[in-house]
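Summary of the model geometry
The lines below spell out each chain.
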Amino acid sequence: MTERCRIALVGCGKAKLKHRAAARHLYTGNLFRAHLAEAEATTPHVYVVSALHGLLSLDARVEPYDVTLRGMSHEQRAAWGQQVVEALTRLYPVGAVELLVYAGRTYAEPLQAALAAAQRGWALMEPLRGATQGARLRILAEASRTRAAARAPLRLPALEVEQTPGRRLYLFAVDGKVVPSFSTVSRVRRASGVLEGYQRPEALAHVAAIREYVGGAGALVPNAVVLAFDSRVRFEPLPGADEGARHGHLVIPRQSGPDAPGFIVDGQQRLAAVRDAAVTAFPLACTAFIAETVGQQAEQFILVNSTKPLPKGLIHELLPSTTAALPAALERKRLPAQLLARLNLDEGSALRGLVITQTCPRATGKVGGKHFTAVIKDTSLLAAMEDSLSDGTLGDLERAGAGVDAMVARVSAWWAAVASTWPGAWARQPKESRLSHGAGVRALSLLMDSACQFLAQEGDAEPAQDAFERELALVRDDCAWTSGAWSFAAGSRRWNDVQNTPKEVAQLAQHLGALYRERRAAKRPARIRRKTGSR
């Protein structure tokens, strides 16, 4: 969609100077002055509309005159409106235009009629439509005071910490929605082959996730935003001892855009999320330092962002202990992570100790007097349970109101049946058995969903291990977990050529699913006879 060009038209006034002057100075009435100040403060293109001269630039020099639109006939006002619109179309021949008229209906009506006749698709707005002269003056005065307050420097309570001689750090809090009024982002780019800036573009999906979290109840963002200030920002200490951290106020001039006194070194995604969040305010902790060069800013940016990120596996292990609202991406993993922890730690679980996590490393022999036997990657089992919760047997249990215990029992029974069906392939390293491999874990989990669906249709809504063993027996002899080859529809594949990629996981899952459905359909009459007791 084309962005509209905004143009303000300020109606002339009766009170004028006695001599020739620029249009912005010729009219001396209080309402004209207030209209002009509002228009120039909020709109990039401003003109005067004169009853005698039509459209005037602000610097056009004009003799005083005594002509008003009120003294014109309807036809004369219509001609005046057409004259103004034609002058505007010569200045702005293409694009969409939004006209903001700061004048009474005597000016607005002929302009509106001329625009309709011209059929250019321009829009006409009257920001103060219906307001009396006194009301307009009050509204515009308040708007002027608000803008003046917004331009005033911020005075924020802060602590000054001198970490090394001459290098000071400032700690303070500020509403995240206010930060764009004094800070900008130094985007990394090349100009004429020279590298400028250091910040990468916003990660929109990451920003959206934080924005959703910030807009929810109980949101907490403890990570501090890191800002770099130039020398226009000053610290005013309060009287008192100056040992350690000094109390005082950080005075920050308000200037947005490239000339802002502050640059965002770390936290641009958090700030973008708060900026767009559906909240009136969201205070953020900030740390800042004075840096006159982009090089000093880039140095801190590299140091902040080169630290090793928190391992995903550790995040997954920590999720079950959390209760507060989390960003959507983590919220979706909380229940699967809880199930994974129970399956890996519960006594009696078929998967006890077999899942590789931060606290249960892969099988590497004897470490610290303990034997570690984990062989299944946590990410593979986590993804499998996410799939099942989305559109499988675990999702059915969740919708039925079953708790975590029932879900853990269902998955454990399935994998106990897998272990008894292929004992030679069970609990071996993925390089030795594709059953422990990500592809095998994902494909068998999808087969669990199919088996539960068929069993439920036959009245077995809570299948036990023996029921699952009968289902797995249908495909037992066609699986090449540790040797041989898979007989896929697209051709034969060596047992260990199957990889943990979406395409190959889907191929293995479709192969097992097709075999299972075909053989189950062939045995269905016998199953029905056994269920009904007929001979």
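Residues numbered from 1 in each chain as written. Predicted model: local features only at pLDDT ≥ 70, side-chain atom pairs only at ≥ 80, totals over all residues. Heavy atoms only, no water.

**Observations concerning the overall build of the chain**
Operational definition: Helix and strand assignments follow DSSP, with helices taken as H or I runs no shorter than four residues and strands as E runs no shorter than two, numbered in order from the N terminus. The cut-offs for exposure are 20% and 50% of the maximum accessible area for each residue type, with area from a 1.4 Å probe on protein chains only; residues under the lower value are buried, those over the upper are exposed, and the others partly exposed. By the convention used here, residues are in contact when the closest approach between their heavy atoms is within 4.5 Å. To be clear on the numbers: accessible area is Shrake-Rupley with a 1.4 Å probe, and residue cover counts the displayed protein chains and nothing else.
Looking only at helices and strands, the chain features 16 helices and 23 strands. Looking at the chain as a whole, 43% of its 535 residues qualify as buried. The long-range fraction of contacts in the chain, counting pairs at least 24 apart against all pairs at least 6 apart in sequence, stands at 66%. Accessible area for the chain stands at about 28400 Å²; split by element, carbon and sulfur atoms hold 53% of it.

**Describing helix 5 (residues 133–151)**
What counts here: Expected span, for any helix, means 1.5 Å times one less than how many residues it has. This arc is taken over the directions from the axis of the helix to the C-beta atoms.
Here helix 5 is 19 residues long and its end C-alpha atoms lie 27 Å apart, about the 27 Å a rise of 1.5 Å per residue gives. Along helix 5, the positions that sit buried rather than exposed are Ala135, Arg136 and Leu140. Buried residues along helix 5 cover an arc of 125° about the axis, so they all sit on one side. Among the exposed residues of helix 5, those oriented more than 90 degrees off its buried face are Arg138 and Arg145. Next to the buried residues of helix 5 lie helix 2 (30–42).

**Regarding unusual backbone geometry**
With the exception of glycine, the majority of residues adopt a negative phi angle, and the majority of peptide bonds are in the trans configuration. The residue glutamine 119 is not glycine, and still its phi comes out positive at about 55°. The residue glutamine 119 is located in the loop between helix 4 (105–118) and strand 7 (123–125) in this model. For glutamine 119, a relative accessible area of 70% translates into the label exposed. One non-glycine residue, alanine 427, lies in the positive phi region at around 60°. If you trace the backbone, alanine 427 turns up in the loop between helix 13 (404–421) and helix 14 (438–457).

**Comments concerning the sheet that holds strand 4 (residues 54–57)**
As a reminder, the rule being used: Strands pair, by our definition, only if DSSP identifies at least two bridges between them. Interaxial angles span 0 to 180 degrees and are taken between N-to-C directions of axes, which are lines fitted to C-alpha atoms, for helices over the stretch in contact.
The strand order across the open sheet built from five strands is 4-3-1-6-7, with neighbouring strands paired in mixed fashion. At either end of the open sheet lies a strand with only one pairing partner, and these are strand 4 and strand 7. Between one strand and the next, the sheet's axes are offset by a mean angle of 30°, whatever the strand orientation. Note that strand 1 (residues 5–11) and strand 6 (residues 97–102) share six bridges and pair parallel. In the sheet register, isoleucine 7 faces strand 6, and the bridge partner there is leucine 99. Contacts from helix 3 (residues 74–91) reach strand 1, strand 3 (45–50), strand 4 and strand 6, with the element oriented near 40° to strand 4.

**Overview of the sheet that holds strand 17 (residues 283–290)**
If you walk across this open sheet you meet the eight strands as 10-16-13-17-9-8-15-14, and the pairing is mixed. The two strands at the open ends of the sheet, each matched to only one other strand, are strand 10 (183–184) and strand 14 (234–237). Where strand 14 lies against strand 15 (residues 246–252), four bridges are found, and the strand directions are antiparallel. Looking at the pairing, proline 237 lines up with glycine 248 of strand 15. Most of the contacts of helix 7 (residues 268–276) go to strand 16 (residues 262–266), to which it runs at about 115°, and overall it touches strand 13 (225–229), strand 16 and strand 17.

**Digging into the pairing of strand 9 (residues 167–175)**
When strand 8 (residues 154–164) meets strand 9, the two strands line up antiparallel, connected through six bridges. What sits directly across from glutamate 162, in strand 9, is arginine 168. Adjacent in sequence and paired antiparallel, strand 8 and strand 9 are bridged by two residues, among which glycine 166 carries a positive phi angle near 85°. Both strand 9 and strand 17 contribute to a ladder of seven bridges, which runs antiparallel. The residue bridging phenylalanine 172 from the neighbouring strand is cysteine 286, located in strand 17.

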